[in-house]
Amino acid sequence: MTRPIISMVAGETSGDMLAARLLSGLRPQLPSSLMHGIGGKHMAEFGFHSDFPMEKLSVRGLFEVLMHYREISGIRQQLMAQLLDEKPDVFIGVDAPDFNLDLEVQLKRAGIPTMHYISPSIWAWRGGRIKKIAEAVSHMLVIFPFEEEIYRKAGIPATYVGHPLAQVIPMQPDVEAAREELGLEADARVVTILPGSRMSELKYNTTAFIATAKLLLQRDPHLQFLVPMVGPKQRAYYSELVLAAELDEVPILLMDGKSHTAIAAADVVLVASGTASLEVALYKKPMVIAYKMMAASWHVLKHMGYQPWIGLPNIMAEEFLVPEFLQSAATPQHMADALWQQLNDVALQKRLHQRFTDMHHDLLRDTAGISAQAVLNLIHAV
């Protein structure tokens, strides 16, 4: 039997982590396979080789993507040519739909089985994309229970695999151990701030998020703030933004990585909308979700949503379980007021803990095993 070839593309840190969970189930089944494409350090732990730097794809926002379009398009064309020549046993696009779906269309037309891992949010906005997905995807892996039926109705094979984070994050996080690891007192009042992993997210969120911390300190000077950064470039840019905004006097424990430890240690979290908000929910933490972007991108995107929520915990709950502040509403005063309520309302804390525990159970499956079996089934079906 020839050596199996698995090609994958993950476009950002969260996709790298999710893809690594799939590889943890797939690599033992295909120990000799060549796995390559675009990915990050978590995928590399399973012998994945990245042909291009993943950071080149980590751009968010309509106009931000347009500014990098030529470079991103060039990477896709080079990778497509390589894969059409190589003909891997399967191509797996991990999130990054704007990059991966176009690639998958061409590969599927060439007879290469294509799988997409993590559905685009067609239930939230741009629902018309399901027609393109049908053209691009041989099989869809979905991570929310309500998504499977959407695809089956559209005639697209789909498997609900649970959310990988529901397995990684313990049902009962150890707050005491997290605080001990970070050198925090057991009875400290801790606020974790997650302005985003992308450079564009840091650009638009950092100043408002740290200004929020400054306002909270005026109410309680003993509050402690944690800000984890995914890498040295993000850390340097964050520091530059804080200095420019004259907020460098705000006492922050700036951390290299350890975002899960920072969340576990927190009493409350201020988080940029995205996968991180679901992580916070799985850690059963009260939170405020906020997001800012380039004004031109916001002007276009604000009219394209189907539902009133953007945060994943609120979308799953189908209600404003936690506050959301977007664009001009994401002011330090609004965010500080909401965080202060969550810090001091014990009944609210207990209610959120129970709702997030129920959510955790809904998302808990053997994600690595189910995903890997779906990939193997698709390979063997050809």
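Below is a short write-up of the structure. (Residues numbered from 1 in each chain as written. Predicted model: local features only at pLDDT ≥ 70, side-chain atom pairs only at ≥ 80, totals over all residues. Heavy atoms only, no water.)

1. Points about the environment of Leu376
Item 1. Within the element layout of this structure, Leu376 appears in helix α18 (residues 367-381).
Item 2. Note on Leu376: relative accessible area 7%, which makes it buried.
Item 3. For the pair Leu376 and Val90, spaced 286 residues apart in the sequence, the C-alpha separation amounts to 9.2 Å. (Helix = DSSP H or I, 4+ residues; strand = E, 2+ residues; numbered from the N terminus. Buried < 20%, exposed > 50% of the residue type's maximum accessible area, 1.4 Å probe, protein only.)

2. Remarks on unusual backbone geometry
Leave glycine aside and you will find that most residues have negative phi; peptide bonds, for their part, are mostly trans.
Item 1. Phi at Lys87 takes a positive value of approximately 55 degrees, unusual for a residue other than glycine.
Item 2. By the element assignment, Lys87 lies in the loop between α4 (69-86) and β4 (90-94).

3. Side note on the packing of helix α5 (residues 97-109) against helix α6 (residues 129-136)
Item 1. Contact pair α5 / α6: the axes reach a minimum separation of 8 Å and the direction vectors enclose 40 degrees. With respect to α6, the axis of α5 lies oblique. Along the contact surface, α5 presents Pro97, Leu101, Asp102, Glu104, Val105, Lys108 and Arg109, while α6 presents Arg129, Lys132, Ile133, Ala134, Glu135 and Ala136.
Item 2. Looking at side-chain class alone, the contact of α5 with α6 contains six nonpolar, no polar and seven charged residues. (Axes fitted to C-alpha atoms, helices over the stretch in contact; angles between N-to-C directions. Parallel < 35°, antiparallel > 145°, perpendicular 65-115°, else oblique. Contact = heavy atoms within 4.5 Å. Nonpolar A, V, L, I, M, F, W, Y, C, P; charged D, E, K, R; others polar.)

4. A word on helix α13 (residues 275-282)
Item 1. Among the eight residues in α13, six count as buried, and that is most of the element.
Item 2. A positive backbone phi angle near 60 degrees is found at Lys284, which sits one or two residues after α13.

5. Regarding the sheet that holds strand β2 (residues 34-39)
Item 1. Pairing is parallel in the open sheet, where seven strands are placed in the order β3-β2-β1-β4-β5-β6-β7. Since the sheet does not close on itself, it has two edges, and those belong to β3 (48-53) and β7 (158-160), each with one partner. Each adjacent strand pair in this sheet contributes to an overall mean axis angle of 20 degrees, direction not counted.
Item 2. Two strands pair when backbone bridges link them, and strand β1 (residues 5-10) and β4 are joined in this way by five bridges, in the parallel orientation. Counterpart to Met8 in the pairing with β4 is Ile92.
Item 3. Running at roughly 165 degrees to strand β5 (residues 114-117), α5 makes contact with β1, β2, β4 and β5 of the sheet. (Pairing = 2+ DSSP bridges.)

6. Some details on the pairing of β5
Item 1. Of the two faces of β5, the one carrying Thr114 and His116 and the one carrying Met115 and Tyr117 are both buried.
Item 2. Summarising the sheet, β4 and β5 pair through four bridges and their orientation is parallel. In the strand pairing of β5, Ile92 is matched with Met115.
Item 3. Taken together, β4, α5 and β5 constitute a β-α-β crossover, and its handedness is right-handed.
Item 4. The pairing of β5 with strand β6 (residues 139-142) spans three bridges and is classified as parallel. Within the sheet, the bridge partner assigned to His116 lies in β6 and is Met140. (Right-handed = clockwise from strand over helix to strand, strands pointing away.)

7. Focus on helix α10 (residues 199-219)
Item 1. A rise of 1.5 Å per residue sets the reference length of α10, with its 21 residues, at 30 Å; its end C-alpha atoms lie 30 Å apart and thus fit the reference within 8%.
Item 2. The axis of α10 is deflected most strongly, by about 45 degrees, at Asn205. (Expected span 1.5 Å × (residues − 1). Bend = angle between axes of the 7 residues up to and from the residue.)

8. Structural notes on the pattern of salt bridges
For side chains bearing opposite charge, pairing can occur when the charged atoms are close.
Item 1. Following the criterion strictly, the structure yields 13 salt bridges and no others.
Item 2. A salt bridge links Asp267 to Arg179; the shortest N-O distance between them is 2.9 Å. Of this pair, Asp267 sits in the loop between α12 (259-264) and β11 (268-272) while Arg179 sits in helix α9 (residues 175-181); the two residues are 88 residues apart in sequence, bridging distant segments of the chain.
Item 3. The class for Asp267 is partly exposed, based on a relative accessible area of 28%.
Item 4. Residue Arg179 is classed as buried on the basis of its relative accessible area of 3%. (Salt bridge = Lys/Arg side-chain N within 4 Å of Asp/Glu carboxyl O.)

9. Structural notes on the sheet that holds strand β9 (residues 224-229)
Paired through backbone hydrogen bonds, the strands of a sheet run either parallel or antiparallel to each other.
Item 1. With respect to topology, six strands assemble into an open sheet ordered β10-β9-β8-β11-β12-β13, the strand pairing being parallel. In the strand order of this sheet, the two ends are held by β10 (252-256) and β13 (324-326), each with one partner. Recorded for the sheet is a direction-independent mean angle of 20 degrees between the axes of neighbouring strands.

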